[in-house]
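Summary of the model geometry
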Amino acid sequence: MVLKNLSFEVVPGEIVALMGLSGCGKSTLCYCLNGIIPHSWGGVMEGRILVNGKDTREFTVASLAQEVGLVFQDPDTQLFSPTVEDEIAFAPENMCLPRELIRERVDEVISLLGIESLREANPYQLSGGEKHLVALAAVLALDPPILVLDEVMSQLDYSGKKKVADALEKLRQQGKTIIAVEHDLETVAMADRMMVMKNGELTPPGCDHFV
């Protein structure tokens, strides 16, 4: 998907819902926000994407992962550890954080998302919704200031959606910036505003806010 004429700003503590029909460019935009495009998947980029003042073209994906936590639409692309606890601890361990801090972060995100019962489970044996919760927990363990969620709620039941919604509200109160790609208006009711994409572009200003 070719993105064009995109220009927007999201402020700290804001939740923005990104909506649009399948194939309109939502996921492509997500991959641009943390440098996967153009660093990992290639592509030509004109203009700039600034994340906390960093031009995404000038920093590695690994470096940007500490600024922008991306949860993919397909959680299977992010899960590879033998247990949920190992999965959540993996990224902080690779950052060489102190063991005590890693343990603290793992416990915090497990509690935040209400997935204590999954701690010792094998991620590959979980349901689609549970995998999304684990992928989100793994991203939150990095404590990034910005979260980009690509249809995280799509496979969750009511209970799972409530867990995520409650967690996002707590994260908002902590000053996190959240961009959530969703199709269902009900699941993004907590958003401060909505941006709608069509054919790689955002709809005109004035059409992107909840009423």
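Note: the structure precedes this text.
The rules behind each value
Residue indices follow the written sequence of each chain, beginning from 1 at its first position. It should be noted that, the model being predicted, local features are given only for residues of pLDDT at least 70 and side-chain atom pairs only at 80 or more, the latter also being counted only at that level, while totals for whole chains, interfaces and linings use all residues. Side-chain metrics rest on all non-hydrogen atoms present in the structure, leaving aside hydrogens and water. Helix numbers and strand numbers start at the N terminus; a helix is a DSSP run of H or I with at least 4 residues, a strand a run of E with at least 2. Any Lys or Arg side-chain nitrogen found within 4 Å of a carboxyl oxygen on Asp or Glu counts as a salt bridge. Here's how the labels work: a residue is buried when its accessible area is under 20% of the maximum for its type, exposed when over 50%, partly exposed in between, all with a 1.4 Å probe on protein chains only. By nonpolar core is meant a set of buried Ala, Val, Leu, Ile, Met, Phe, Trp, Tyr and Cys residues that side-chain atoms within 4.5 Å join together. A strand pair is defined by DSSP finding two or more bridges across the two strands. When checking whether two residues touch, look at their non-hydrogen atoms; a contact exists if any pair is within 4.5 Å. The convention used is that axes are lines fitted to C-alpha atoms, helices contributing only their stretch in contact, and that angles between N-to-C directions extend from 0 to 180 degrees.

**A look at unusual backbone geometry**
Note the cis peptide between Ile37 and Pro38, where omega equals 15°. Note that Pro38 resides in helix H2 (residues 36-39). The backbone phi angle of Asn52 is positive, close to 50°, even though this residue is not glycine. Along the chain, the position of Asn52 falls in the loop between strand S2 (50-51) and strand S3 (54-55). The backbone of Cys96 shows a phi angle near 60°, a positive value even though the residue is not glycine. In this structure, Cys96 sits in the loop between helix H4 (84-94) and helix H5 (99-113).

**What to know about the pattern of salt bridges**
Under the criterion given, the structure shown has 12 salt bridges. Note that Asp55 is salt-bridged to Arg57, the shortest N-O span being 3.0 Å. Take Asp55: its relative accessible area is 6%, and that puts it in the buried class. Overall, Arg57 belongs to the partly exposed group, its relative accessible area being 35%. One salt bridge connects Arg119 with Asp107, and the closest N-O pair in it is separated by 3.1 Å. Pair noted here: Arg119 is in the loop between H5 and helix H6 (128-140) and Asp107 is in helix H5, with a separation of 12 residues, a long-range link. What makes Asp107 partly exposed here is its relative accessible area of 31%. One salt-bridge network, in which partners are shared between bridges, spans Glu85, Arg103, Asp107 and Arg119.

**Some remarks on the nonpolar core**
Ile88, Ile115, Leu149 and Leu168 are the most contacted members of the largest nonpolar core, which totals 39 residues. By residue number, the principal contributor to this core is H6, which donates 7 residues.

**Here's the deal with the sheet that holds strand S5 (residues 146-150)**
Spatial ordering of the open sheet is given by S4-S5-S6-S1-S7-S8, a layout of 6 strands whose pairing is mixed. Taken across any chain shown, the strands that pair with only one partner, and hence form the sheet edges, are strand S4 (68-71) and strand S8 (201-202). As paired strands, S5 and strand S6 (residues 177-181) are joined by 5 bridges and run parallel to one another. Its bridge partner lying in S6, Val148 is registered against Ile179. Along the sheet face, helix H7 (residues 158-173) touches strand S1 (15-19), S5 and S6 and points at about 150° away from the line of S6.

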